[in-house]
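Structural description and commentary
Read off the chains here:
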Amino acid sequence: MSQSTAFVSLFLGFLLFETGVCASCPIELSAQRVVVRHGDPVSVNCSTSESEFEGIGWEATQGGTGLRQVSHLTWTVESLTDWDTSPLCYFNPAPSSGLEQCSKTVDVVVYSFPDTLSMSINDSDGIMEENWEYYLTCGMNNVAPIRFLTLTWYIGGAQYETKSLQRPSGNKPEDLIRNLTFIADRSHDGITIRCEAHLFLGLVGPQLVNSVERRITVYYGPDVECDASELLEGETLDTHCSVTGNPTPFVRWMKDGQPTDPTAPLSRNDTGLYTVTAKGFSLSEMVELWIEVSYGPELRCPSSYTAPEFSRHSLVCTTEGNPQPKVIWFKNGKEVIPPENLTRNDAGKYLITASNKLSAVNMTLEVIVTYPPSQIEELQDSEVDAGSAVVLTCSSTGNPQPKYFWEYYPTDNVAEQNEDGVSHLIISNATVQNMGTYTCHAWNERGNVSKTATVTVNAANLECPLEISPDKMVVEYQSLVQAAVCVSQQVDSRFVVQWEVQYGHRTNGSLWKVDTQRDWDPRPVCTATLNGVGVCQKHLNFTLYKSPDSVSIQLVGSSNTVTEEKEFHLRCDVTNVAPAQNLAVLWYRGNETFHPQITNKPMINTTKLPKIVPVFRGYPEDLVCEADGHPPPTIQWIYSSDKVPHVSGNMLTISEAGIYNCSATNEVDSVYHQVEVILKEDYLPLIAGFVAVTVVAISVIFLFIYSIYYKNTRMRRYSLKNPKLSTHNGNVAHNGWDSQFPMTKLS
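Quick summary incoming for the structure in this document.

A closer look at the pattern of salt bridges
Here the structure, examined in full by the defined rule, presents 17 salt bridges. A salt bridge links Arg268 to Glu233; the nearest nitrogen and oxygen atoms lie 3.1 Å apart. Of this pair, Arg268 sits in the loop between β22 (258-259) and β23 (272-279) while Glu233 sits in the loop between β19 (230-232) and α2 (237-240), placing them 35 residues apart in sequence. In this structure Glu233 comes out as partly exposed when scored by relative accessible area, which is 33%. One salt bridge in this structure joins Lys255 and Asp256, with 3.1 Å as the shortest N-O distance.

Section: empty space enclosed by the protein
Under the defined criterion, the tally for this structure stands at 2 cavities of 30 Å³ or more. There is about 80 Å³ of room inside the largest cavity. Around the largest cavity, the lining residues are Tyr305, His313, Leu315, Trp329, Pro338, Pro339, Leu342, Asp346, Tyr350 and Val367. Here the lining of the largest cavity is composed, by residue class, of 8 nonpolar, 1 polar and 1 charged.

With respect to the sheet that holds strand β18 (residues 217-226)
In spatial order, the strands read β11-β18-β20; together these 3 strands make up an open sheet with mixed pairing. A strand with exactly one partner marks an edge of an open sheet, and here the two such strands are β11 (127-129) and β20 (241-246). Put simply, the sheet's adjacent strands are angled 30° from each other on average, direction ignored. Both β18 and β20 contribute to a ladder of 5 bridges, which runs antiparallel. Opposite Val224, over in β20, you have Val243 as the bridge partner.

Considerations on the pairing of strand β41 (residues 496-500)
Regular strands place side chains that alternate from one sheet face to the opposite one. Burial along β41 is one-sided: Val497 and Trp499 are buried, while Val496, Gln498 and Glu500, pointing the other way, are not. The pairing of β41 with strand β42 (residues 506-508) spans 3 bridges and is antiparallel. By the bridge assignment for β42, Gln498 is matched with Asn508.

Considering the sheet that holds strand β58 (residues 658-665)
Strand order in the open sheet formed by 4 strands is β52-β59-β58-β55, with mixed pairing between adjacent strands. The open sheet terminates on both sides in strands that have one partner only, identified here as β52 (612-616) and β55 (634-639). Adjacent strand axes in the sheet meet at a mean angle of 25° when their direction is disregarded.

Rules used in this analysis
- Residues numbered from 1 in each chain as written.
- Predicted model: local features only at pLDDT ≥ 70, side-chain atom pairs only at ≥ 80, totals over all residues.
- Heavy atoms only, no water.
- Salt bridge = Lys/Arg side-chain N within 4 Å of Asp/Glu carboxyl O.
- Helix = DSSP H or I, 4+ residues; strand = E, 2+ residues; numbered from the N terminus.
- Buried < 20%, exposed > 50% of the residue type's maximum accessible area, 1.4 Å probe, protein only.
- 1 Å grid on protein atoms, 1.4 Å probe; cavity = no way out; pocket = protein on both sides within 12 Å on 5 of 7 lines; lining within 4 Å.
- Points joined across faces, edges and corners; volume = space filled by probe spheres on them.
- Nonpolar A, V, L, I, M, F, W, Y, C, P; charged D, E, K, R; others polar.
- Pairing = 2+ DSSP bridges.
- Axes fitted to C-alpha atoms, helices over the stretch in contact; angles between N-to-C directions.

None of this, on its own, says anything about what the molecule does.
Structure, rendered in structure tokens:
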């Protein structure tokens, strides 16, 4: 026999042995193993294919058949009650068959499995307390065979523990009790504990399962848990601080000894120490919590702030926030430190930011620094030809922007023009009335500055523009009071007018009132100092007259009679008359007038010639001497030999101080009038000269400084060493013929 044939025979024999079939026992069972509930029917068929045999039979505690001459025989029990039965089918061969007697046994499992389980919890009706240990008992009665039983505990649907019988046991029913040690916690509250029994009877048997369950309640707490001690404004305490427990605890929140609502939104003022008291089933808990209420920054600052330069600012910007915000100032995109003392360079717009870990806010602040106007530089003395135009410019810097006003002698040809912070005074078609000083005032709320310039009009005729109204006054003695008014043809609010009479009395103002009882010879003079003209005077032709008290005629001599054809002298006496020099005497013979030879001594007109005449140095004055008399007197000026006045008839032009006498002589008499000339200084040219010298000196210094600046910053230095010829470039000088003169650039 080959090795392969021997191996197959051996393998088949092994299989037959393992399946319980004896190679020499020719019987077959319909089931090698049966599982039957106690008291239920059971049957197994036994058969043989042999033809020569004496019979087959069943041996069993229940349902045995004995030997029968059949090829098929069934073991049948209507109600199997024997827990340990092992039915055996046996085969008796014929003697001639050469076979041996043999048998096969059926593995019978009789089981009992109750319909209900029992479960109990020690000292509890399903209510537990957290962290306590409990014993759970699961029991079942009359279970067989118990070796196939497995008990599994489930807690909350999850397998918790599995137990099976660890000791040998028989086939008869037994009672089984299993305990489980269980420590409850809050996660077990409301869950189901289940005890599940599994009777596993093999692949050919039924899978029997039974269970019992119990829902439990776990009492725990109370517990107070806060996930943060820093809450945002608007949040509530209960969202971050939970109070848990079963049954639901009684919770009380207190702050500063007063109850507070944990569901109310928190405000920034709610930061503080809180006390939470929670009362549960058997315990109470009190927790102290410091709650910090956080909120984003708030910045309050005026949109603008104005302060004087160099003053210590009183700007108040307030910030609020928790945590405390960090405040940063920015100007022109750069971080800056707010100045304590403001200067004009600090003016401008600032961006102020306030930030903490929650958020950031910002606002714009405009700082306005006020300072007085700067000195006026552009206004200078000017000369202009008569009929031409000149512009005076006045500018100053300040904050607020300075306003301007001019002081000058106003005329129709002068106009002011202001634009872009600069004031222009435009003089068109200049005349003598435009000569004089012009003062520009620049002012704002912080101060003011001024500067004066002099305008000289070349080839302009100087005239005194005063007018007296009336230009001639003849007033009767002891009549009502009358007055003369002196005004200027120019509208100049700055000129000062005064009246002066020959006996030294001065009256300020444009009005001169006549004293009709004493002003016999006042010789009133109106004097004013006018822009562009200086000091000028106008004399008022004034006469105070008095009618004669009486007029009488008498013969001259001792005789009271006249002889025909002889000459006689008559005298006309006019009593108490004024002014005598204006008296005209008319003679009548009958009703006809006649003209006798009349003579009278000279009388100098002192109205036009006061005793004291002031003269400004450099400004000559004309003295006019007039006299009445018959025959007409001869006028002569008498003065010291060291004087060199100009004499033209009865007019004397003087420019020096001294005593001058006017003499009037005719054949009747000779009279004289003394005039004292006082010389006064005119300081205006001196001041103008000093200003001009100062301006020239400043200009020279400025040019000197600028030349140094230009030399150091604008000019470049070149060296003639190591020249290199090249094409035209910035370092080569060229002459008119395009010949290159190389230089080396030093700086």
